[in-house]
Amino acid sequence: MRAVGLSYAGRRLEVRQVPEPSITAPTEVLLRVREVGICGTDRELALFRLGFPPAGEEFLILGHEALAEVVACGSGVSRLRPGDWVVPMVRRPCRPPCPSCARGRRDLCLAPEQRERGIFGLHGYLTEYAVDEEEDLVPIPPSLVDYAVLIEPLSVVEKAVETALRVHQGVPVTALVVGAGPIGILAALLLRLRGLEVAVHSLEPEDHPRAALLVEAGITYRPRLEGLPADVLIEAAGSAEAALAGLERLAPLGVAVLLGADDAFGRFPFRGLIVGNRSLIGSVNASPSAFAAAVEDLGRLDRRILDRLLLRLPFAEAARSILAPPEVTPKRVHVVAD
Ligand code: BGC
Ligand code: ZN
């Protein structure tokens, strides 16, 4: 079968023929991949800034935002049947389990090295078939299949928003999202769904289609960083400067969650954090309950907005998508099988 991935020997992105996987344990499920979304992590991987191949191999199949159909189930699989739709979680619990993995919070794994499909030491889904444990698969209702490729990025946002609202020690009213990529847009939509007044700040000009999409969803778009201080700040810009500038807009009791910023150099507002009882949080990956929340909330989001988030392209163009700079349409999705 075809697979798009990284050759660590050749230091390049390649399309290869790889053997089809098969079920080897009763709790395993064979999947046919239907769609895979591309994100900034894939671009970082292709630049060899993070990630590593499975032990003893020099090739890593990319792709971690997947939607797949169940093709066959091992004899010990109880909840899934052939024909069901699933989204795989990205991270695998460590073994023997650390305290976080033992209580079902693989996203908080304390092992020195995590295992994540398509990223760290495990093959991803930019290929035709994959095998997973049933416990690593999130069932998707058929009514959500057209948008379910967004569930993995939405799960990352669910965790961030849940954390921010839980940590805030007052009544959060205003939210600021920095960055208008897929994560920023999904964060803004989710905060709006939670009833907050949401603004997005990003580099795109005011007449950019992403700004128009946000405004249509009831979200303010700000090419300049101004307006009311934010009770909740979500950083989704991948930029230290943007994160620091956003922190300056954090209201007393405000909670900032960093999702993509690089390391910063220079002045850091510790005093402001202290005297304003503000919180700064880093967040990565998503718990099984964040995936469940993403399934729930996806069904509540406006489909006309979601349609404008997605650009579907053929599987054959996946390598080009990973290397190309982001486009006007926020999320590139490659259709592996119809
Ligand atoms: C994925 C997460 C993953 C993170 C770091 C993100 O793109 O959505 O699931 O934990 O990359 O590897
Ligand atoms: Zn991703």
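Residues numbered from 1 in each chain as written. Chains lettered and ligands numbered in written order. Predicted model: local features only at pLDDT ≥ 70, side-chain atom pairs only at ≥ 80, totals over all residues. Heavy atoms only, no water.

**Q** Any chance you could break down the nonpolar core for me, citing the residues and the numbers?
**A** Residues Ile140, Ile151, Leu189, Leu191 and Ile234 are the most contacted members of the largest nonpolar core, which totals 54 residues. Sorting elements by how many residues they give to this core places helix 4 (residues 182-193) first, with 7 residues. Residue assignment places this core across two domains, with domain 1 (2-147 + 308-335) and domain 2 (154-282) each supplying three or more. The residues touching Ile140, leaving out its near neighbours within four places in the chain, are Trp85, Val86, Val87, Val145, Ala148, Ile151 and Val295. The next biggest cluster of nonpolar side chains, apart from the first, holds 23 residues, and it includes Val4, Leu6, Phe48 and Ala130. (Core = buried A, V, L, I, M, F, W, Y, C linked by side-chain atoms within 4.5 Å. Buried < 20%, exposed > 50% of the residue type's maximum accessible area, 1.4 Å probe, protein only. Helix = DSSP H or I, 4+ residues; strand = E, 2+ residues; numbered from the N terminus. Domains from an automatic or database assignment. Contact = heavy atoms within 4.5 Å.)

**Q** Go over the coordination of the zinc ion (ligand 2) with me, naming the residues and quoting the values.
**A** The coordination sphere of the zinc ion (ligand 2) contains the protein donors Cys39 (SG), His64 (NE2) and Glu65 (OE), at a distance range of 2.1 to 2.5 Å. Considering all 4 donor atoms around the zinc ion (ligand 2), the spread of angles at the metal, 88 to 163 degrees, places the coordination shape in the irregular class. Between consecutive donors of the zinc ion (ligand 2), the numbers of intervening residues give the motif C-x24-H-E. (Donors = N, O, S within 2.8 Å, 3.2 Å for Na, K, Ca; no water. Tetrahedral: all angles 85-135°; square planar, octahedral: opposite > 155°, others 65-115°.)

**Q** Lay out the side chain of Glu14 with the relevant residues and their values.
**A** Note on placement: Glu14 falls in strand 2 (residues 12-17). Of the polar contacts made by the side chain of Glu14, one reaches the side chain of Arg16; its length is 2.7 Å. In this structure Glu14 touches Ala3, Val4, Gly5, Ser7 and Phe59, once residues within four positions along its chain are discounted. (Polar contact = N/O pair within 3.5 Å; in protein donor to acceptor, adjacent residues only side chain to side chain.)

**Q** Just give me the short version of the side chain of Ser100, but keep the residues and values in it.
**A** As for its placement among the helices and strands, Ser100 is situated in helix 2 (residues 99-102). When near neighbours in sequence (up to four residues on either side) are disregarded, Ser100 contacts Arg105, Arg106, Leu108, Cys109 and Leu110.

**Q** Any details on helix 3 (residues 151-167)? Residues and values, ideally.
**A** Under the 1.5 Å per step criterion, the end-to-end length of helix 3 is 24 Å for 17 residues, consistent within 8% with the ideal 24 Å. Within helix 3, 13 of the 17 residues are buried, which leaves the element mostly enclosed by the surrounding structure. (Expected span 1.5 Å × (residues − 1).)

**Q** Outline the site of ligand 1, supporting the account with residue identities and numerical values.
**A** Around ligand 1, a shell composed of Cys39, Thr41, His64, Val90, Glu116, Ile119, Phe120, Glu152, Val156, Val284 and Asn285 is seen. A distance of 2.6 Å is found between an oxygen atom of ligand 1 and a side-chain nitrogen or oxygen belonging to Thr41. Asn285 places a polar side-chain atom, nitrogen or oxygen, 3.0 Å from an oxygen atom of ligand 1. Out of a free accessible area of 310 Å², ligand 1 has 85% covered by protein chains. Each residue belonging to the shell around ligand 1 can be placed in one class, and the counts come to 6 nonpolar, 3 polar and 2 charged. (Near = heavy atom within 4 Å. Areas by Shrake-Rupley, 256 points an atom, 1.4 Å probe, with all protein chains shown as cover. Nonpolar A, V, L, I, M, F, W, Y, C, P; charged D, E, K, R; others polar.)

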